[in-house]
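# Chain and residue survey
Chain residues, written in single-letter form:
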Amino acid sequence: MPKDDKHEPVTKKVKREAAADDDDDEDEETNDKSATEVKRNSKGEAYFDLGSSKKRCTISTWKKNILVDIREFYEKNDEYLPGKKGISLTLEQFEALKEVILDGSIDKQIKEMGK
């Protein structure tokens, strides 16, 4: 039977590489699935739980301004309500905070403190 040059046998190395590629695809899918879930409150505002149901980051509007609100919530009559402890950042303030997070400045200071 003549050897078909188009169909070379698959080696173990090729199989391992293919399996690694498949694993990478699974990691990407897992990362997509583990992306933070966007939830909506009773007003339709997007929010994200921050480690527990008691702390949230809510994207809201107030007097035509978009705010990023990081706040503790409490439960009353089976409903979560915003507490006094928290901060509302304007988009400008949020961008400044995001910049120092992304450039590693905050992590650097935390490491210098020994954490």
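Residues numbered from 1 in each chain as written. Predicted model: local features only at pLDDT ≥ 70, side-chain atom pairs only at ≥ 80, totals over all residues. Heavy atoms only, no water.

## Topic: the pairing of strand β3 (residues 55-62)
Two faces make up the sheet, and in a regular strand the side chains alternate between them. In this structure, strand β2 (residues 46-49) lies alongside β3, joined through 4 bridges in antiparallel fashion. Note that in β3 the partner of A46 across the bridge is I59. In the sheet, β3 pairs with strand β4 (residues 65-76) via 8 bridges, with the strands oriented antiparallel. Note on β4: the bridge partner recorded for K55 is E72. (Pairing = 2+ DSSP bridges. Helix = DSSP H or I, 4+ residues; strand = E, 2+ residues; numbered from the N terminus.)

## Focus: the layout of surface pockets
In this model, the largest pocket occupies a volume close to 400 Å³. Lining the largest pocket are 18 residues, and of these N41, K43, E45, F73 and P82 sit closest to its centre. Taken together, the elements giving at least two residues each to the lining of the largest pocket come down to β3, β4 and β5 (79-90). Across the lining of the largest pocket, the residue classes tally to 6 nonpolar, 6 polar and 6 charged. (1 Å grid on protein atoms, 1.4 Å probe; cavity = no way out; pocket = protein on both sides within 12 Å on 5 of 7 lines; lining within 4 Å. Points joined across faces, edges and corners; volume = space filled by probe spheres on them. Nonpolar A, V, L, I, M, F, W, Y, C, P; charged D, E, K, R; others polar.)

## Notes on the confidence of the model for the chain
Residue-level pLDDT values for the chain average 79, and 68% of them are 70 or greater. Per-residue pLDDT, averaged within each element of the chain, yields its smallest value for helix α1 (residues 12-34) (46) and its largest for helix α2 (residues 91-102) (96). Note that residues 12-34 has pLDDT below 50 and, in this model, 1 contact with residues that lie over four places away or in other chains. (pLDDT = per-residue confidence, 0-100. Contact = heavy atoms within 4.5 Å.)

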